[in-house]
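Observations on chain architecture
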Amino acid sequence: MAKVQVLNVAVLDNPSPFGNPFQFEITFECMEDLPEDLEWKIIYVGSAESEEYDQVLDSVLVGPVPAGRHMFVFQADAPNTGLIPESDAVGVTVVLITCTYRGQEFIRIGYYVNNEYTDPELRENPPLKPDYTQLLRNILASNPRVTRFHINWEGSADKMEDCENVDPSPNISGMLPPSCIPGKMPPLGLMPDNSMDCM
Amino acid sequence: MKLLKPSWVSHNGKPIFSVDIHPDGTKFATGGQGEDSGKVMIWNMAPVLRDEDEKNENIPKMLCQMDNHLACVNCVRWSNNGLYLASGGDDKLVMVWKRAAFIGPSTVFGSSSKLANVEQWRCVTILRNHTGDVMDVAWSPHDVWLASCSVDNTIVIWNARKFPEMVTCLRGHTGLVKGLTWDPVGKYVASQADDHSLRVWRTMDWQMEANITKPFSECGGTTHVLRLSWSPDGQYLVSAHAMNNSGPTAQIVERGGWKTNMDFVGHRKAVTVVKFNPKIFKKKQKNGSAPKPGCPYCCCAVGSKDRSLSVWLTSLKRPLVVIHDLFDKSIMDISWTLTGLGMLVCSMDGTVAYLDFSLDELGDPLNEEEKNSIHQNIYGKSLAITSTEAQLSTTIIENPEMLKYQQERQSSAQLGPSSAGPEASAPKLNSVMNGESLEDIRKNLLKKQVETRTPDGRRRITPLCIAQLDTGDFSPALFNSAPILPSGSSMSNQLTSQLSSDSSPGPASSLGLRPGHDPMLTSPPAGAATKGPEDNKDGAKSGLLLTSASKIEPMKALDSRFTERSKATPGVTATISSIAGLVPLDSRPKDGGGVSAPKDVKAKDDTSSDSEDKMASINKNLSFSKRKPELLMDGDGVVEKRKKGRPRKDKMAAPMAQPFMQMTPPAEREPSRVAAPPAALKLPTPSIKKAFSLQVSMEPSVFLEVENEVSLIAGSKLSQLRCSRDGRDWNTLLPSSVVTAAGSSDVLAVACQDRMLSVFSSCGRRLLPAIQLATPASALHCSAHFVMALTAGATLSVWDVHKQKALVKNESLLSILSGADTTVSQSLLTQQGVPVIGLSNGKCYCFSSSLETWTLIADKGDSMVQCADFRSCLPTHDAPVSSGPLAVMQGRNLNAGRLASRLSSTPHHLQQSMTLAFLENQLASALTLQSAQEYRYWLLIYARFLVNEGSEHRLRELCQELLGPVHKSAATAWEPTTLGLRKRELLREVLPVIVENLRFQRLFTEYQDQLELLRNK
């Protein structure tokens, strides 16, 4: 069972102009102290047609996470309009909040997002080149779509319950130089707080 | 009999695999398939029982739903005390749930159903051990153990007092184990499996008592479950799916001899579940008629794959009632109310049925006393063999002495901190809110939350802890002010959403997460037109899309994005790219176009349920890169294991041990006795000082002053030894410079440069003629009337000055000084004249004059010391831990051992063995050191440990050794004392320890009686 349960996500500042940052207030509960940080990401789907246009708006580490109920606000800048196909700027798309632990995604919360012109005239006759300043972003906050994934919370190979169902990434850590703490990736840097578990 | 099918008890049409009524009869749990997970639901019993409650909308029907299980839930069972609910599922897990005190509604975030949880049940433990689907779980009588069985062919017994501790794993079945039942007496647990066998296991030693195969040999096909049941009087065990003359039966197995002579016949298909009524009945007394003696009987319900249910009384040859066509599919589980008159049945078709019987139909249930008297008649007085203290209350105490100890113990326990146990250890909520309402916190959360940057520039948010919990006992004040409501929307419309969904009995029948299926009573605040739920039933998307109907097509593509696992986390990317150096990868990480994210690899997960076409192609691309890591993984298994296994502990241990070795430099501890700086082979000698003084003893206070070369007489240098004892001085002259001196309250010894050793009484009288040492003295010790000399030639001598006799004669240290760098770091002489040598390698030896050999008494590098954990066995009142030579030599290392054991998670059985070995070492060492108090101290700890861990053989041997032969005979070699302690007195101290585990009450009685006998002699 997942050690972290997301209890609630409140969408703040919604609806709002397209250029406003996204704000999600996330409440989660943790069954036991987590030795490592959670990584949260907001992904904006630029186009339904292709993942190519997905933008990771931001990613944050959240920690330390002791057992208990926690909340934080995840704020991320609006998507880079230059990376959105013009034909997909107006209309319905999706924003995703994902959380990973030890490099494994265990929850994905999706919201439909409707981008519309507020001005009725623009709505009738949308300009060829989208005018982002006039767009209103409306996240369908009442209808989150939550998908949970089974991951290996322990990060060790022999405790794995379901080999075929688990992302292979935690095992890859075995290939790191032995000095590395399993599951921690050098490019992310070693978090000094976590060296406690060596004691 | 009344029959009711409450249609509202449903898992949205998904199969319900298990049902169980709470012992207090107010609620029941169901388990089964959820939408994309397993589901456990808790329901209110009142609307089932009473029509008016069912109609009253203010009375909630569903109390709680939990979809934490990742796959179908096969079994739900309440503990006998009603505090816990255990559930087992296809995700191989057993979860144990406990109710959280927080009263208020909440839903599972993201769940399509808007029904609120009225009660909060929270998973308190997850039991992981099974490698396959868990099919059945069962609490033992008195909730001592929880048993779970699985398709991995095993049964696991969990310690229900100390979750997640595992007691044992019962192996023997060669097929999927699909049902479990405990003997109501607590002596056995029975299991039935697909391997055509029913096995009975003893709880005493967890060995197999019986393997019953004959009634099952004909069984073909399989059933989903094989829930067998034990009758409440313990006399009969009734199996699921058995065959008799090619007809499906429920086999009755008699407790006596496990005979299989009877069965319940009549079902047309395999029996899936048998459930005995918890009550024992006797014939209903007719008004006016004379009371008939009538034998008590049991009542049993049998459910089958043929969708019918039969209820039997053991006093009747034919079933009391058979109900056909109650369900559309196989019956999966049955649960009786504790009153014995109600029964819930669930089926694969996703419905449940409630049956209500009257006393006229079943008979008069015996009350608990009558039931107990039946038990007593059949099983005698001491029924259950207990293994935990918590079960004491139910065990009969056979001995008044024992009772006395028990009562003393209980009264002292009441004074002290509350006893252990899951209830007592339930953590309390520590609110961090400081009176600030959650509302205020939420307003300022963004500003207030701590955000830092990691060294590589990434944002790191420290989340605000709003409740510290383990069991989730939230303070109502905290959450009533601003309840955290479901479906993350902004606060204002959250409230309305909650209210409206509560008041409307919404269809809530949606299977998937398709948005339109939900009653969209809340308008998206965009000002878009709101449509009622009936409007958007068919056009699933229309309710949402409103103004952008043209976009329906892309939505399908978008939908898939909700369930796919994200392309890659930077973590994965990082590792994969780091391997890329080793293994050339075809699919180099593609640039995800992310703003801040590193390069992404399209690492899709195969598990995501509805992956679409384009994913498949990506997966193909990926297959190469995914394979590689897996291949590599095998090779690296070793590395991985090493990291987790022992070496890590050793690494831990090493830095632990070192500081302590440094912290006990000999000079600091006993300045007078030690002098041993490093040397290669021979031991160093102290340098000659012009003058020195030392305090030899505190009580009486004895000071020694040495002044070398005070005068020259006839060419020889004289040295003066001056001693002050309680103010009285004496002095003497020695012909050579004094190198080292030592003393005790009885004797004084000085070693001179000319290798002469002189021994004086405390009043200055020379006791021995000068002893010629072979090599210069390295260290000198006196203790009581013993003198010990360690020479530079690494030999050791000890003399008993009173008896004028050598205890140790020029014994070489070479046998213990192995290795070039090893040297003596500490030496001492005990009050009993036992020499102890501590070496720089952390080992510590004493020379046993009776064995005439060196014995190892302490080894700081010994992992046993690091891992032994006997904290639970420490005497609480004995505040001064143990003081004596053993403690001096082992030093604070022992504490380190306990610390280490807390940090490293050694498997319990391993730790148990290590602790046992360690304690036995301590005992033997104390014996060799002739340290009586330490011997007694460790003996009691050892006894307590044996008692706690239940090793009867060792305990018995120990008691026997302490008791000795009851009848004197000339031939016995038994010594009545050890180290001056009377063994039988020690036994008298050990016996109260034994009482603590009632399992050993026979042992206690046996030795208590013998001691009494001896005392009266």
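Residues numbered from 1 in each chain as written. Chains lettered and ligands numbered in written order. Predicted model: local features only at pLDDT ≥ 70, side-chain atom pairs only at ≥ 80, totals over all residues. Heavy atoms only, no water.

1. Quick look at the overall build of chain A
Counting its secondary structure elements, chain A contains two helices and 10 strands. Order of helices (α) and strands (β) in chain A, N terminus to C terminus: β-β-β-β-β-β-β-β-α-β-β-α. By the burial criterion, 68% of the 199 residues in chain A qualify as buried. The long-range share in chain A, meaning contacts at least 24 apart out of those at least 6 apart in sequence, stands at 64%. Just so you have it, chain A exposes about 6,600 Å², and 53% of that area is on carbon and sulfur atoms. (Helix = DSSP H or I, 4+ residues; strand = E, 2+ residues; numbered from the N terminus. Buried < 20%, exposed > 50% of the residue type's maximum accessible area, 1.4 Å probe, protein only. Contact = heavy atoms within 4.5 Å. Areas by Shrake-Rupley, 256 points an atom, 1.4 Å probe, with all protein chains shown as cover.)

2. Section: the pattern of salt bridges
All names here are of chain B. One pass over the full model with this rule turns up 34 salt bridges over all chains. A salt bridge links Lys162 to Glu165, with the nearest nitrogen and oxygen atoms 3.7 Å apart. As a salt-bridge pair, Asp205 and Arg202 come within 3.1 Å of each other at their nearest N and O atoms. Classification of Arg202 as partly exposed rests on a relative accessible area of 23%. (Salt bridge = Lys/Arg side-chain N within 4 Å of Asp/Glu carboxyl O.)

3. As for the UniProt feature "repeat: WD" (unreviewed entry) in chain B
All names here are of chain B. As recorded in UniProt, the feature "repeat: WD" (unreviewed entry) lies at residues 66-98, 127-168 and 170-201. In this annotation, residues 66-98 is assigned 0% helix and 58% strand; the end-to-end C-alpha distance for the span is 12 Å. For residues 170-201, the end-to-end C-alpha separation is 8 Å, with 0% helix and 56% strand making up the annotated structure. (UniProt positions renumbered as here; feature names shortened; annotations may be inferred.)

4. What about helix 19 (residues 932-949) of chain B?
Along an α-helix, residues three or four positions apart point the same way, because every turn accommodates 3.6 residues. Residue and element names in this part refer to chain B. Spanning 18 residues, helix 19 covers 25 Å between terminal C-alpha atoms, matching the ideal 26 Å at 1.5 Å per step. Summarising burial for helix 19: 14 of the 18 residues are buried, a large majority. Positive backbone phi, at 70 degrees, marks Gly950, one or two positions downstream of helix 19. (Expected span 1.5 Å × (residues − 1).)

5. With respect to the environment of B:Ser812
All names here are of chain B. Here Ser812 shows up in strand 45 (residues 805-812). Classification of Ser812 as partly exposed rests on a relative accessible area of 26%. Spatially, the C-alpha atoms of Ser812 and Gly793 are 8.2 Å apart, while their sequence positions differ by 19 residues. Beyond its immediate chain neighbours, meaning those up to four positions away, Ser812 contacts Ala794, Thr795 and Trp854.

6. Some details on the nonpolar core
Counting residues in hydrophobic clusters, the biggest one holds 48 residues, and the most contacted among them are B:Val836, B:Ile857, B:Trp938, B:Leu939, B:Leu987 and B:Ile994. Listing elements by their share of this core, those giving two or more residues are strand 48 (843-848), strand 49 (853-859), helix 16 (885-890), helix 18 (908-928), helix 19, helix 20 (952-963), helix 21 (983-995) and helix 22 (1001-1016) of chain B. Residue contributions to this core peak at 12 residues, all from helix 19 of chain B. When near neighbours in sequence (up to four residues on either side) are disregarded, B:Val836 contacts B:Met788, B:Gln826, B:Ser827, B:Leu828, B:Thr830, B:Cys844, B:Tyr845, B:Cys846, B:Ile857, B:Met889 and B:Leu929. Of all hydrophobic cores here, the second largest spans 44 residues; its members include A:Val11, A:Phe28, A:Val62 and A:Ile109. (Core = buried A, V, L, I, M, F, W, Y, C linked by side-chain atoms within 4.5 Å.)

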